[in-house]
Amino acid sequence: VNAFNPGLIVGTGLFRDQNQVFTKLFDVAATNVLKVGETTHWGGGALEYMTLSEKVGEKGGLYYTSPPGSSKFGDAAFDREFDVSEVSKEARDDDKAKRLWELSEKLVGI
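All values derive from a computational prediction rather than experimental measurement.

Conventions and cut-offs
Residues numbered from 1 in each chain as written. Predicted model: local features only at pLDDT ≥ 70, side-chain atom pairs only at ≥ 80, totals over all residues. Heavy atoms only, no water. Salt bridge = Lys/Arg side-chain N within 4 Å of Asp/Glu carboxyl O. Helix = DSSP H or I, 4+ residues; strand = E, 2+ residues; numbered from the N terminus. Buried < 20%, exposed > 50% of the residue type's maximum accessible area, 1.4 Å probe, protein only. Polar contact = N/O pair within 3.5 Å; in protein donor to acceptor, adjacent residues only side chain to side chain. Core = buried A, V, L, I, M, F, W, Y, C linked by side-chain atoms within 4.5 Å. Contact = heavy atoms within 4.5 Å.

A. Representation of the pattern of salt bridges in the model. For the structure shown, the criterion picks out three salt bridges. With its nearest N and O atoms 3.3 Å apart, the salt bridge here joins Lys96 to Glu90. With its nearest N and O atoms 4.0 Å apart, the salt bridge here joins Lys98 to Glu102. With a gap of four residues between them, Lys98 and Glu102 both fall in helix α5 (residues 94–108), about one helical turn apart. Judged by relative accessible area, which is 55%, Lys98 ranks as exposed.

So this is what it looks like as structure tokens:
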């Protein structure tokens, strides 16, 4: 299993409860002016890359992230722009993983 962070994507439903004028201004500022935000197209493409790339599936326990504003490089950038690192020591702790699973089961009632 691997994890990834597609970056700051304002143009999704995550901001739906915010003032719509603020959301649009923030989206334009983050994505087009400051170049630190990503497009929804980039986020979807990042998920597609993580799902379909044979390179990603070669080894588990990795965390993929990209520098802010990577969507400006286009679709071909996924392989080039993702920085790959090991997940934290805590994330590799099997005892903590088991405890999290048990707590999750309890919370959802299974």
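What follows picks up the thread again.
B. Highlighting the side chain of Ser53. Considering the arrangement of structural elements, one finds Ser53 in the loop between α2 (40–52) and α3 (54–57). The class for Ser53 is buried, based on a relative accessible area of 17%. Engagement of the side chain of Ser53 in a polar contact is seen with the backbone nitrogen of Lys55, the distance being 3.2 Å.

C. The nonpolar core, seen in detail. Listed in full, the ten residues of the largest apolar core are Trp42, Ala46, Tyr49, Met50, Val56, Leu62, Tyr64, Ala77, Phe78 and Phe82. For this core, the element with the most residues is α2, which contributes four residues. Beyond its immediate sequence surroundings of up to four residues, Tyr64 is in contact with Asn2, Ala3, Phe4, Asn5, Met50, Lys55, Val56, Phe82, Asp83 and Val84.

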